[in-house]
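What the coordinates show
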Amino acid sequence: MATHKTDKADKQITVIVIGAGNRGTRYSIYAVEFPERLKVVGVADPRKFRRTLMQKNHNIPDDKVFEDWEDVVEQDKFADAVIIATPDRCHREPAIQCADKGYHILLEKPMDVTAAGCKAIVEAVKRNNVLLGVGHVLHYFPPAMTIKRLIDEGAIGEVINIQHLEPVGWNHFAHSYVRGNWHKEADSTFSLLAKCCHDIDLIKWWMGKKCLKVSSFGSLAHFNKENKPEGAASRCLDCSVESKCPYSAKQMYLDGPFGVRMGNEGWPLIAVVDTPTVETVTEALRTGPYGKCVYNTDNDVCDNQVVNFSFSEGRTATLSMVAFTEKLCTRSVKVFGTKGEIQCLNFNEVTLFDFVTRKTSKYPFISGAHGTRMTGHGGADFYIMDAFVKAVARNDSSFLCTAEDTLQSHLLAFAAEKSRLESKIISMETDTL
């Protein structure tokens, strides 16, 4: 059990997990680490293995285990809140109907895959006066909050420009966006929304100004049939050039650092099979999507994209998302102000250079998630769950980013994709999203 100190005055709240995959499971770990604050009392998932595992981990009674989220809303309300971690295209209806039922909601990002869907969710939570937290976990992460605090305190004067980089990681992109659940827009959404709505949320929050215009460029530059190596097979296990390919499924899932032969049983293997063993993983690579050549799938989402933001008062920001990086999601940010500059790599230590004193100040970060199993996103998963549980226990929305602010950051993502597709600058005031 965790040693992190919590507020003893907070009552225990109850939650139903709708979608017991990777994200639903990670969020629910908070109930194991802090059972005095959170109890999982129900689960809904169409996959028997996933819902049974959730039931076992949280001692959920049989009559509160469901195959479909619709079965949950047909019951009388039996919890304080729901965690909705269904696939991206299955967020809108459960969110709206759970709000109508009176549940507070933690909704995995993105809110929805359409602007209309996002707006409908926000309208539902306002109509029913329930709390909404969206899984922008980095918004609640202390290093990101330190950056915001320093900006608000005027430590670097007026913010003029923000540069933000999301280095997805060559292996992570191949796993999730070429072979995996987010490889095809029709099945999920475009990669900028899926991967970088975190980052757009942060840019908007830090800048603190109204965004007026957005432009974007990007493409699927590499993972296509035109770049398939000579002699490559349709599956890595049958390929004569597999050993020379950086995207080898054999290396990714069997023999490499994340492979089952190295003793790994977590990510990325849990997306490939329910119970990772050499035998089950090998069979999955022979028959399933994760064994396909990355140049021979039906993927269609961008592997690189840049976004330019024009804010009021002449302020600007840029976001770069790129697949081809050594590090996995080690985001870097630079904030340029009139009196100083802030830098942060991988949301660890924040540094500030003061133009007047010409001195650098450092703001180190020690995670409150240490000693717990809530280490996802460097510990940010812990902080969003801690904020959500406090918000529900105290019925206090101030612990959460507002629904309207979250909606506005999603609209910027939709504007960026519209700009990319239509090769035009998008006005946030006059263009229809």
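Scroll up to find the structure this text is about.
These figures come from a predicted structure and were not determined experimentally.

1. Thoughts on the sheet that holds strand β4 (residues 81-84)
Taken together, 6 strands build an open sheet; the order of strands is β3-β2-β1-β4-β5-β6 and the sheet is parallel. With one partner strand each, in any of the chains shown, β3 (65-66) and β6 (132-134) form the two edges of the open sheet. Sheet analysis places strand β2 (residues 38-44) next to β3, joined by 2 bridges and oriented parallel. Among the inter-strand pairings, Ala44 is bridged to a residue of β3, identified as Phe66. Set on the sheet, helix α2 (residues 48-58) makes contact with β1 (13-18), β2 and β3; between it and β2 the angle comes to about 155°. Sitting on the sheet, helix α4 (residues 92-100) is in contact with β1, β4 and β5 (104-107), with an inclination near 165° to β5.

2. A short note on unusual backbone geometry
Cis geometry is found at the peptide bond from Lys109 to Pro110, where omega equals -5°. The residue after Trp267, namely Pro268, is reached through a cis peptide bond having omega 5°. The phi torsion at Glu313 lies on the positive side, around 60°, for a residue other than glycine. Checked against the element boundaries, Glu313 lands in the loop between β9 (304-311) and β10 (316-322). The exposure class of Glu313 is exposed, given its relative accessible area of 56%. Not every positive phi belongs to a glycine, and Arg358 is a case in point at roughly 60°. The exposure class assigned to Arg358 is exposed, which follows from its relative accessible area of 69%.

3. Observations concerning a negative patch on the surface
On the surface, a cluster of negative charge is made up of Asp68, Glu70, Glu74 and Glu93. Relative to the elements of secondary structure, Glu93 occurs in helix α4. When its relative accessible area of 39% is taken as the criterion, Glu93 is described as partly exposed.

Scoring rules and cut-offs
Residues numbered from 1 in each chain as written. Predicted model: local features only at pLDDT ≥ 70, side-chain atom pairs only at ≥ 80, totals over all residues. Heavy atoms only, no water. Pairing = 2+ DSSP bridges. Helix = DSSP H or I, 4+ residues; strand = E, 2+ residues; numbered from the N terminus. Contact = heavy atoms within 4.5 Å. Axes fitted to C-alpha atoms, helices over the stretch in contact; angles between N-to-C directions. Buried < 20%, exposed > 50% of the residue type's maximum accessible area, 1.4 Å probe, protein only. Patch = residues over 30% accessible without salt bridge, like charges linked within 9 Å, V, L, I, M, F, W, Y side chains within 5 Å. Areas by Shrake-Rupley, 256 points an atom, 1.4 Å probe, with all protein chains shown as cover. Salt bridge = Lys/Arg side-chain N within 4 Å of Asp/Glu carboxyl O. Lys, Arg positive; Asp, Glu negative; His and termini not counted. Charge placed at Lys NZ, Arg CZ, Asp CG, Glu CD.

Remember that the coordinates give geometry; whether it matters functionally is a separate question.
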